[in-house]
Structure formats: structure tokens, C-alpha cells
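# Secondary and tertiary structure notes
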Amino acid sequence: MPKRVLLAGLFHETHTFLDGTTGLADFAVRRRDELFDAAGDGSPLSGVLQVAASCSWEVRPVIDLRATPSAIVDDAVFTLFWDEFATAYARERTAGLDGIFLVLHGAMVCPSVRDVEGELIDRIRSLPGARDFPVCGVLDLHGNLSRRTIEQTQGLIAYRMNPHADARQAAVDAALLMDRILTSGRKPLSVFESCPMILPPTATGTADEPMRSLEALARQAERESLELVAVNVFAGYSFADTFDTGLSFSAATFGDPEPARRCLRRLREHALANRQEGHVIDLPLSECLPRVLECIAGRQTPIALVEPADNIGGGAPGDAPTILRMLIENQIEGAAVILNDPAAVQSLADLSVGGSRKLCVGGKASRFTDPQLELDVTLVSRSDGRFELEDRESHLASMCGVHIDMGPCAVVRSAGVTVLLTSKKTPPFDLGQLRSQGIEPEKLSVIGVKAAVAHRRAYDRVTKASFTVATPGPCSSDLRSFPYKHVRRPIDPLDEISTTSDR
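Presented here is an overview of the structure given in this document. Counting restarts for each chain, with residues numbered from 1 along the sequence as it is written. Residue-level local features of this predicted model are given only where pLDDT is at least 70; pairs of side-chain atoms are given and counted only at 80 or more, and the full residue set underlies all totals for whole chains, interfaces and linings. For the side-chain quantities, the full set of heavy atoms in the structure was used; hydrogens and water were omitted.

## What to know about the environment of Thr369
A run of H or I in DSSP becomes a helix once it reaches four residues, and a run of E becomes a strand once it reaches two; helices and strands are each numbered from the N terminus. Mapped onto the elements of the fold, Thr369 is located in the loop between β13 (356-361) and β14 (373-383). Sequence separation of Thr369 and Met399 is 30 residues, and the distance between their C-alpha atoms is 25 Å. Whether two residues touch is decided by their heavy atoms; if any such pair falls within 4.5 Å, the residues are in contact. Beyond its immediate stretch of four places on either side in the chain, Thr369 contacts Asp310, Asp319, Ala320, Gly363, Pro472, Gly473 and Pro474.

Printed below as a string of C-alpha cells:
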């Protein structure tokens, strides 16, 4: 008999310091058989479906909710998910179930539930008969995980790479672990270890320290033990003010859990001993300007000006005009910037291509960023904003699959600088975003990139130089500038801690 597996997804990275809320209208919603539409689209969900097909599971799809990182999520979103999940569980349990697979992020927050994933697992385990079923799934490397999430599940596997080029593979690995459990009848135990450290997104790239060494130690532990099937390093998401925010580790083992716990304690000790590596503070834009001008003079272009404070992939609005203003004021021609500004796009609706007018761009969506900028612009083109990722393993595919919708778009030019205006927040993680609008990145002098790390897989291939700069915005690398109230204390870098801080 084929194994019957309940499948659902709940995916959001919640920036709790942003104004406003993220409602159901901001989520892409798939119900029941619509989940099968993800097959082959490069997403984690597609990886699960691939394994399900090859292992002949009978997948019972429930619901998949996902949205771009943004402000705290309305309680109604979680209520909808849970109501549909609980209803489906009751229905499918009658026909017989063998397991539950979840596609999660790990850093979702609602006003009434600050640990959404932990609350979800608690509720699942409280359902009639649900303690008998293995719960496996895939998680983002940036999850803020709680002990209750990990230790009540059998096989949650995190991405191992940032940029997330392996998100789909992590889902495949988790689904294969689920199949191993279903066919062998053996259930692994999961163990958890928190670490009193918060890393800004700029310190979570797995090609750099501290994550490079932590991931290497985790993979070494997996190789050295046949029973240890997964060791996860969760870098955490720093802009969620919750008790569980920060670095953490988990492991799933078919053997004695004590060696797994020792492994996690070694990871924790290594992280604490090297915690200075996570103290990233970006250089002010004004200090980087002379170096940018030197590169342009030496024809070392294109240059990426990376702006973590307005990182769309971290929840920022993506409309800060700071870099655009600098490019125009310093007469840097041949540059390009992407701003998410639906109002600006709409205000150009009656302008013919080639026409000119004054336009206020950016600075509309966050009190943390610089105010809007008034420009004389010429409309170059407009489009529906749809494109397909050039890189099917792009970090963006881990969030949305390969088919991307930026909403109605307009390309304008002002003082020799090209501006792509979008209507939906779209993280700049794939060069197809620019090329789809007739902008060739290799031919640009400077590219403004609203990201922290995840852009590197795409932009490092074409840029000759890259500068990560500090600008006003809600995703600053300076974590001491945020008013944390709920995070566990003491914690680095907000407090002075010792390497023996209580767990």
C-alpha cells in the first residue's frame, strides 16, 4: 500500500519592527490539488513532490501559504491555515495516514503567537492520534527555532547554504528521511541547542565566517556518525523580536541522543568563542564613494553597491532612494537602481514611452528610510513585470519558485541613471529581473542592490567590485539600534556575555 502523507506549507519571515501588518491578501495561497502546480518549479515544495512521486506516496495536499518577508502577520492568516489543516487531518485520518510533511520558514510571527512554528507543532501533536505520526519538513536557514518545534518532530532539515541554492535539495533530503522512517518503521529523535547570539543578515553568508566553520563542523559530524542523519545550523533572523530569535542548532539521530547533544554543544561553544566574527557593521555610503569613483576611473565595472538596510529579502520595503540620490548628485552615469514604488508606476500610466515628466520616487513606505526624491525622468519602457529565473537554484526560487511577478513595472532614466520601478517587492536575487526589462547588468557602471547576502550568487558573476554600505533603513546590520523587548537576555551583541552563558 502506498504511504499516505499530509502535505502543507506555511512560509513567512516576519520583521516585527516594521509598521503595519501582513494580511491574507499579501499571501500567495494554494489549496489542495493546487499544491501539485509547484512540481518542477525549483521550490522546496517541488522537491517534496519529486520524492513523493519517486517513492509512490499518496500525497494528501492541504494548503500552502507564502509571502515575501514583511511586517507582523495577521492572526487571521494562521487561523486560516490551522482551520484548513485540522479539517484535512480529521478527514484524511479516517482514510488512514502515515505521516505529515511541512514546508516551513521558521521565523513567522503573529500578534497573538510569537512562535508560530512551535504553536503549529503543539497543535498538531494535540490532534487525536497525531502523536503516532512522524512529522518531517524543511526549514529556512534563517529560522528562529524553539525547542518545542524541534523536539516534537522527527526530521526537520534546514537549508545548508546562504544564498539558498540548496533549498530544493534540503526539501528532497527531508522527504527522503520521511520515506526512510515510513519504510523502516524507525523514528529518529530530534535534539536542540540554543545559542545566545543574534547575527545580522550580513553575517549569515555560508561562504564567510562564522557560518562557514559552523556548517563545516555540522557536515563533519554527519559524516562521522551513521546514526546522525541531520545536523542543522540555524543562523536565525535578527529582525524578529521573539524569545527564540538568534542562532541555534538541532540534530536528528536514530541512535543514542547524547552524542547528538554533545555535537550541538560543540557547535554552540565554537560559535560563542568566535562571536566577534558576527559583529558586522557596514561602512557609511559616503566613505565608500571615493573607492567607487576609483573603480569607475579604472574601468573596474560594473560595481555593486549593496544596501542591507533596505534588503527586500529581509523584509524592507525596497524603496529607499539614498543610493539613487548619491548616483545622481555625483553624476555617475550608466548606473541602475531598482525601487519598489507602485505609486510611481501608476503615476506614469498615462505617459507615452519616450515622454518626460517630474516624478517623486521612493521613500514612501518606511519611516526608517530617507524621504522621496523628485526627479525629471524619461519613460524608457513599461511591462507586466513577469519573468522566469535564469538560475533555477536562485535564492529567490526557495521563496517563490522560478516564475516571478514584479507587478506592473516601468523603466525610467534620469541624469544618465536607469531606474526600474516595480509594483511588488521583488528581492534582487536573479539577473533575469534586470534583463527582462531590457537592462543588461554587464554594461552598467554601478548597480544598486537592496540585499545583504542572497544577491551574491547572481551578482558576483558579473560585478568587478562590490561594496556593502550603511544607509538609513529598517534592516540595518547594527542590531543595537533596534528596540528588542522579547528576545532572551543576555544575548550577543546586545549584551556582554561569557562563553559559559546559560542555555
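## As for empty space enclosed by the protein
Put simply, the grid is 1 Å and covers the protein atoms alone, a cavity is a trapped set of points that fit a 1.4 Å probe, a pocket is an open set with protein on both sides within 12 Å along at least five of seven lines, and lining residues have an atom within 4 Å of a point. Grid points are joined across faces, edges and corners, and a volume is the space filled by probe spheres set on the points. Inspection of the entire model under this criterion finds four cavities of 30 Å³ or more. Of the volumes computed, that of the largest cavity is approximately 200 Å³. In terms of residue count, the dominant contributor to the lining of the largest cavity is helix α11 (residues 395-400) (three residues). Any residue that is not Ala, Val, Leu, Ile, Met, Phe, Trp, Tyr, Cys, Pro, Asp, Glu, Lys or Arg is counted as polar, Gly included; the first ten are nonpolar and the last four charged. In terms of residue class, the lining of the largest cavity is made up of nine nonpolar, ten polar and two charged. Within this model, the second largest cavity holds a volume of roughly 50 Å³. The wall of the second largest cavity is formed by Gly106, Ala107, Met108, Val109, Arg114, Asp115, Val116, Glu117, Asn144, Thr242 and Asp244. A breakdown of the residues in the lining of the second largest cavity according to their chemical character gives four nonpolar, three polar and four charged.

## Some points on the sheet that holds strand β18 (residues 417-422)
The mixed open sheet is built from nine strands, whose spatial order is β10-β20-β11-β19-β12-β18-β17-β14-β13. Both edges of this open sheet fall to β10 (283-284) and β13, since each of them pairs with a single strand only. Pairing between strands is defined by DSSP: at least two bridges between the two strands are required. Where strand β17 (residues 409-414) and β18 come together, five bridges link them in antiparallel fashion. Bridge pairing links Val412 to Val419 in β18.

## Digging into the side chain of Thr422
Along the chain, the position of Thr422 falls in strand β18. Any pair of nitrogen or oxygen atoms within 3.5 Å is treated as a polar contact; in protein, a donor-acceptor pairing is required on top of that, and neighbouring residues in sequence qualify only through side-chain atoms on both sides. In terms of polar contacts, Thr422 uses its side chain to reach the side chain of Asn340, at 2.8 Å. Within polar-contact distance, the side chain of Thr422 engages the backbone oxygen of Lys424 at 3.4 Å. In this structure Thr422 touches Ile338, Leu339, Asn340, Asp341, Pro342, Val345, Met406, Pro408 and Cys409, once residues within four positions along its chain are discounted.

## Section: the nonpolar core
Residues belong to one nonpolar core when they are buried, are Ala, Val, Leu, Ile, Met, Phe, Trp, Tyr or Cys, and are joined through side-chain atoms within 4.5 Å. Relative accessibility thresholds used throughout: buried, under 20% of the residue-type maximum; exposed, over 50%; partly exposed, between the two (1.4 Å probe, protein chains only). Among the nonpolar cores identified, the biggest contains 81 residues, and Leu7, Trp57, Phe101, Val231, Leu247 and Phe249 are the most heavily contacted of them. Broken down by element, the residue count for this core peaks at ten residues, all from helix α5 (residues 167-184). Aside from chain neighbours lying at most four places away, what touches Leu7 is Leu35, Leu45, Val48, Leu49, Val59, Arg60, Pro61, Val62, Ile63, Phe101 and Val103. Counting residues in hydrophobic clusters, the runner-up holds 39 residues, among them Ile63, Leu65, Cys110 and Leu145.

## A closer look at the environment of Pro493
Mapping Pro493 onto the fold places it in the segment after β20 (465-470). Along the primary structure Pro493 and Leu444 are separated by 49 residues, whereas in three dimensions their C-alpha atoms are 38 Å apart. Once you skip the residues sitting within four places of it in the chain, Pro493 turns out to touch Ile198, His279, Leu479 and Arg480.

## Some details on the pattern of salt bridges
Any two side chains of opposite charge can pair, so long as their charged atoms come close to each other. Basic side-chain nitrogens of Lys or Arg form a salt bridge, by our definition, when they fall within 4 Å of a carboxyl oxygen of Asp or Glu. Tallied over the full model, the rule gives 39 salt bridges. As a salt-bridge pair, Arg60 and Glu58 come within 3.5 Å of each other at their nearest N and O atoms. Since its relative accessible area comes to 30%, Glu58 is described here as partly exposed. Where Arg60 meets Glu92, a salt bridge forms, and the shortest distance between an N and an O atom there is 3.1 Å. Of this pair, Arg60 sits in strand β3 (residues 58-66) while Glu92 sits in helix α2 (residues 75-95), placing them 32 residues apart in sequence. When salt bridges that share partners are traced, they join Arg4, Glu58, Arg60, Arg91 and Glu92 into one network.

## A look at the packing of helix α6 (residues 211-224) against helix α7 (residues 257-273)
All axes here are fitted lines through C-alpha atoms, helices being fitted over the stretch that makes contact, and every angle between N-to-C directions spans 0 to 180 degrees. α7 packs onto α6 with a crossing angle of 165° between their chain directions and a minimal axis gap of 10 Å. As the angle between them shows, α6 and α7 are arranged roughly antiparallel. As for how α6 packs across α7, the hand of that crossing is right-handed. Between α6, through Ser213, Leu214, Leu217, Ala218 and Ala221, and α7, the contact on the second element is made entirely by Cys263, Leu267, His270 and Ala271. Split into classes, the residues belonging to the contact of α6 with α7 amount to seven nonpolar, two polar and no charged. For classification, angles of less than 35 degrees are called roughly parallel, those exceeding 145 degrees roughly antiparallel, those between 65 and 115 degrees roughly perpendicular, and all remaining angles oblique. Each helix crossing is assigned a hand: it is left-handed if the near helix lies turned anticlockwise from the far helix by less than a right angle, otherwise right-handed if that turn is clockwise.

## Focus: the pairing of β17
Burial of β17 is extensive: five of the six residues sit out of reach of the surface. Two strands pair when backbone bridges link them, and β14 and β17 are joined in this way by five bridges, in the antiparallel orientation. Across the sheet, Arg382 pairs through a bridge with Ala410, a residue of β17. Following β17, the chain reverses through two residues before pairing antiparallel with β18; Ala415 in that reversal takes a positive phi of roughly 50°.

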